[in-house]
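# Coordinates in review
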Amino acid sequence: MNIILLGAPGAGKGTQATKISDKYGMPHISTGDIFRENIKNQTEIGMLAKSYIDKGQLVPDEVTCKIVEERLSRDDCREKGYLLDGFPRTLAQAEALDKITKIDAVVNIDIDFSLLMNRLCGRRVCRDCGESYHVSMLQGATTCARCGGELYTRKDDNPETVQSRLAVYTEQTAPLIDYYTKKGLILNFTGTDDPPAVLFGEITAELDKLAR
Ligand code: AMP
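The paragraphs below set out a description of the structure included in this document.

Basis of the calculations
- Residues numbered from 1 in each chain as written.
- Predicted model: local features only at pLDDT ≥ 70, side-chain atom pairs only at ≥ 80, totals over all residues.
- Heavy atoms only, no water.
- Helix = DSSP H or I, 4+ residues; strand = E, 2+ residues; numbered from the N terminus.
- Rg over C-alpha atoms; globule rule 2.2 N^0.38 Å.
- Buried < 20%, exposed > 50% of the residue type's maximum accessible area, 1.4 Å probe, protein only.
- Contact = heavy atoms within 4.5 Å.
- Areas by Shrake-Rupley, 256 points an atom, 1.4 Å probe, with all protein chains shown as cover.
- Near = heavy atom within 4 Å.
- Polar contact = N/O pair within 3.5 Å; in protein donor to acceptor, adjacent residues only side chain to side chain.
- Nonpolar A, V, L, I, M, F, W, Y, C, P; charged D, E, K, R; others polar.
- Core = buried A, V, L, I, M, F, W, Y, C linked by side-chain atoms within 4.5 Å.
- Pairing = 2+ DSSP bridges.
- Axes fitted to C-alpha atoms, helices over the stretch in contact; angles between N-to-C directions.

### Points about the overall build of the protein chain
The secondary structure content of the protein chain amounts to 10 helices and eight strands. Here the C-alpha radius of gyration of the protein chain, 16 Å, is about what a compact globule of 212 residues would show, namely 17 Å. Overall, the protein chain is about 45 × 40 × 35 Å in size when its C-alpha atoms are taken along their principal axes. Within the span of the protein chain, comprising 212 residues, buried residues form 43% of the whole. Relative to all contacts within the protein chain whose residues are 6 or more apart in sequence, the contacts with residues 24 or more apart total 70%. Put simply, the protein chain shows about 11100 Å² of open surface, and 50% of that area lies on carbon and sulfur atoms.

Structure representation (structure tokens):
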């Protein structure tokens, strides 16, 4: 199965993506993670991406599409398909993706924007395994309960940058819901403050039907 996860920043894409890729044994491809890895390693792509990410803007389509095309050409994507998290984010990216692959389903997590500012600004992420937490649940802990890695606050999880990321989502990414609805690929879900396992159950109930 080749799946796309769509949703505003903070909707829970990353959390669901980890669980879905574990369940179906497919690689989880997050363009945000790829950029952050490049920033950490101070590559040319990383330096370019950083200038956009820090402002809450999108990295140019050309750069992003090239990275994804290269990633999808690897062997692990041919075995059980793949899960794209955070790509595509523009119509141009969606059209470029159509040229190189066939998508089976688009999981769209719709969420009330009023929940997102608190979620993102209170988010703490594990440097090692990428697990995310909300600061209100950590009781002062500074390390990851899953792997012991150090927890940090993403540089783009601050009120100003979050505003800009949400505006970018509304203008450039939300139109993809219509794009994939017209193709008959959308599966719609509602994100809430319930534990992630609830949404995961709803999503996998639908994906199980496709996997059969
Ligand atoms: P994420 O981890 O998905 O929230 O992505 C963090 C940041 O990386 C975004 O705010 C963008 O600046 C950049 N980014 C991630 N995916 C894309 C994409 N598909 N197109 C352009 N920029 C992206």
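Additional details are given in the paragraphs that follow.
### Some thoughts on the side chain of glutamine 93
By secondary structure assignment, the location of glutamine 93 is in helix α6 (residues 91-100). Leave out the neighbours within four places in its chain, and glutamine 93 touches Val59, Asp61, Thr64, Cys65, Phe87 and Pro88.

### Brief notes about the site of the ligand
In the vicinity of the ligand, 16 residues are found, and the nearest of them are Thr31, Gln57, Gly86, Arg89 and Gln93. Residue valine 59 places a main-chain N or O atom 3.0 Å away from a nitrogen atom belonging to the ligand. Arginine 154 is positioned with one of its side-chain polar atoms (N or O) 3.1 Å from an oxygen atom of the ligand. For the shell around the ligand, the leading source of residues is helix α2 (residues 31-40), giving four residues. Looking at side-chain class alone, the shell around the ligand contains five nonpolar, six polar and five charged residues.

### Side note on the nonpolar core
Of all hydrophobic cores here, the largest spans 24 residues; its most connected members are Ile20, Leu83, Val107, Ile203 and Leu207. Taken together, the elements giving at least two residues each to this core come down to β1 (2-7), α1 (13-24), β4 (105-110), α7 (116-121), α8 (159-173), β8 (186-190) and α10 (196-211). The biggest single contributor to this core is α10, with four residues. Counting residues in each nonpolar core, the second largest holds 19 residues, with Val68, Leu72, Ala94 and Val106 among its members.

### Description of the sheet that holds β8
Spatially, β2-β3-β1-β4-β8 is the arrangement adopted by the five strands of the open sheet, whose pairing is parallel. Here the strands that pair on one side only, and so sit at the sheet edges, are β2 (28-30) and β8. Sheet twist, expressed as the average angle between the axes of neighbouring strands with direction ignored, equals 20°. Bridge analysis of β1 against strand β3 (residues 82-85) gives four bridges, and the strand direction is parallel. Looking at the pairing, asparagine 2 lines up with tyrosine 82 of β3.

### Looking at the side chain of threonine 90
Position of threonine 90 relative to the elements: it lies in the loop between β3 and α6. Owing to a relative accessible area of 6%, threonine 90 belongs among the buried residues under this scheme. Of the polar contacts made by the side chain of threonine 90, one reaches the side chain of aspartate 61; its length is 3.0 Å. Here the side chain of threonine 90 touches glutamine 93 through a polar contact of 3.0 Å, landing on its backbone nitrogen. Ignoring anything within four residues of it in the chain, the contact list for threonine 90 reads Leu58, Asp61, Gln172 and Leu176.

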